[in-house]
Amino acid sequence: MKVVKDLSNEDLNQESTEKQPGFIRMKKFPFIMLLFFVVFITAGITTLALSFGDEKAVNVGTNERSEFNKLYMAYDTLNNNYYEKVNKDDLMNGAINGMLDALDDPYSDYMNVDEAKNFHDSIASSFEGIGAEISEQEGHIVIVSPLKGSPAEKAGLQPNDKVMSVDGESLQGMSSSEAVLLIRGEKGTDVELEVLRPGTEESVKMTITRDTIPIETVYGEMIEDDIAKVQITSFSENTAQELVDTLNELKKEGMKGLVLDLRQNPGGLLDQAIEISSLFVPEGEILFQIEDRNGNKEAVQSVNKENKDIPLVVVIDKGSASASEILAAAVQESAGIELVGEKSFGKGTVQRAQDFSDGSNMKFTTEKWLTPDGNWIHSEGITPDHKVSLPDYASLPFLNPEAELKLSSSSNQVKVAQEMLKAVGHDPGRVDGFFDEKTEEAVKAFQEEAELESTGVLSGESTLKLMEELRKQVIENDTQIKKAVEVLQEKMK
């Protein structure tokens, strides 16, 4: 956006030569001599200033805005007097970064060239990394949501997990963009994360192998004779078209009712949320409202004339954030569609990105968004119509496969292993963190069932297999989806 209007040749030629009241004409020759004299004197003063004064990296003239004087003085002082030669680009980047940090807004961030590239990659067709959306909260890097099928999901990362360090380097005080640079990397390489799960006192270290993360955002399947489940994992460039294609395919398979799964969806592109919400909200109804810094509000309405006339239930959880919350609130308040699950994340602001010419980027919050009824859900989340939690074992922390859990050992990891064994049908007798003979028997029984060497020691492949079986158990006993199907069947009668 241009701040200063460009003047065309036509603008310059509009200066009138007609006589005007109070307009004084100057004869040509004296005017030229006066102009020459002014230029000569100005050049002389400038030469003297440069000869006897310190180098000025930034010239603060009378036309400069006074609020920048302090910044310019700091820049010049460091540039001229710091004990080592400074990198001027680093100083400028740091100044911009400092301004954004001063906003105390975890969603406003300066990104250098590498960080900006990662940002753009995250909404492109694919990228390489572990596949987890993160944010900075109160000085900590927190998992918002792991992407479906990603190494992060397979490793057991969950929303609200705190990532304390990456490969031994503390993330305390880092921005999310800085953390992403450490976590992402080439396919096939390993990264060690130290993770602290809410409700636990001990952090655990996990090694995750990076992979190519395809940005395929829509997954559909028939789960009952006439009911389909479609999961949207994020809102990327082609999500709306992916959803339309998936719904058309499912309709051919006999879909008469739909469960839309927005769990662990961290959001994404606003235009995609608008397109998708319009599929289910009647034309002209409000999808959400935008409120600017002055309190002015603008309603965004559904524009799709061919709404999907199909019974729908939407599932959300604490990992549903931003654009997924816009969709959930739109269908709940403007289309009377019921929500099932847990209260959502609570991100009620809109960000925009400003690219700089060197490839760096500034992402900053521009407005609030409100639900159709005018509610601001920031830090509050959206409350579902039917509150349903997953079983307790669905939130068990990661087990370190490098640890060796065996007879007579005692730790929080042993307690987690005992809870996992119990969940998959092998009762360890106790779940207090002490590895006794009954726990050893349960481990051996599990190993035999999994066709592993029956050692009674939980480590390596046995640990990974136990976590894999637990994930299968969570999927098979998905209480939230089961409740959504139950609600949907009532609507379809």
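Residues numbered from 1 in each chain as written. Predicted model: local features only at pLDDT ≥ 70, side-chain atom pairs only at ≥ 80, totals over all residues. Heavy atoms only, no water.

(A) Geometry of the environment of D261. Tracing the backbone shows D261 in strand β12 (residues 257-261). In this structure, the C-alpha to C-alpha distance between D261 and Y219, residues 42 residues apart in sequence, is 9.5 Å. Beyond its immediate sequence surroundings of up to four residues, D261 is in contact with K229, V230, Q231, I232, V315 and I481. (Helix = DSSP H or I, 4+ residues; strand = E, 2+ residues; numbered from the N terminus. Contact = heavy atoms within 4.5 Å.)

(B) Highlighting the confidence of the model for the protein. Summing up the model confidence of the protein, the mean pLDDT is 86 and the portion of residues at 70 or higher is 86%. Ignoring residues within four places in sequence, the model shows residues 1-58, a span with pLDDT below 50, making 17 contacts including any to other chains. (pLDDT = per-residue confidence, 0-100.)

(C) Local environment of the sheet that holds strand β19 (residues 386-387). Read across the open sheet, the six strands follow the order β10-β11-β12-β15-β16-β19; overall the sheet is mixed. The two strands at the open ends of the sheet, each matched to only one other strand, are β10 (218-222) and β19. Note: strand β11 (residues 227-232) against β12, five bridges, orientation parallel. By the bridge assignment for β12, Q231 is matched with D261. Set on the sheet, helix α8 (residues 239-252) makes contact with β10, β11 and β12; between it and β10 the angle comes to about 10°. (Pairing = 2+ DSSP bridges. Axes fitted to C-alpha atoms, helices over the stretch in contact; angles between N-to-C directions.)

(D) Main features of the pattern of salt bridges. For the structure shown, the criterion picks out 18 salt bridges. Its salt-bridge partner being E486, residue K483 comes within 3.2 Å of it at the nearest N-O pair. Note that K483 and E486 are positioned in helix α14 (residues 479-492) at a spacing of three residues, about one turn of the helix. We classify E486 as partly exposed; its relative accessible area is 43%. Connected through salt bridges with shared partners, the residues E221, K229, D261, R263 and D478 form a single ionic network. (Salt bridge = Lys/Arg side-chain N within 4 Å of Asp/Glu carboxyl O. Buried < 20%, exposed > 50% of the residue type's maximum accessible area, 1.4 Å probe, protein only.)

(E) Looking closely at the nonpolar core. In terms of nonpolar packing, the biggest core is built from 43 residues, with L157, L193 and L399 touching the most fellow members. Of all the elements, helix α11 (residues 412-423) adds the most residues to this core, at six residues. Not counting the four nearest positions on each side in its chain, L157 is found in contact with I130, I143, P146, A152, L193, V195, R197, M206 and I208. Grouped together as the second largest cluster of nonpolar side chains are 39 residues, L279, V314, W369 and I382 included. (Core = buried A, V, L, I, M, F, W, Y, C linked by side-chain atoms within 4.5 Å.)

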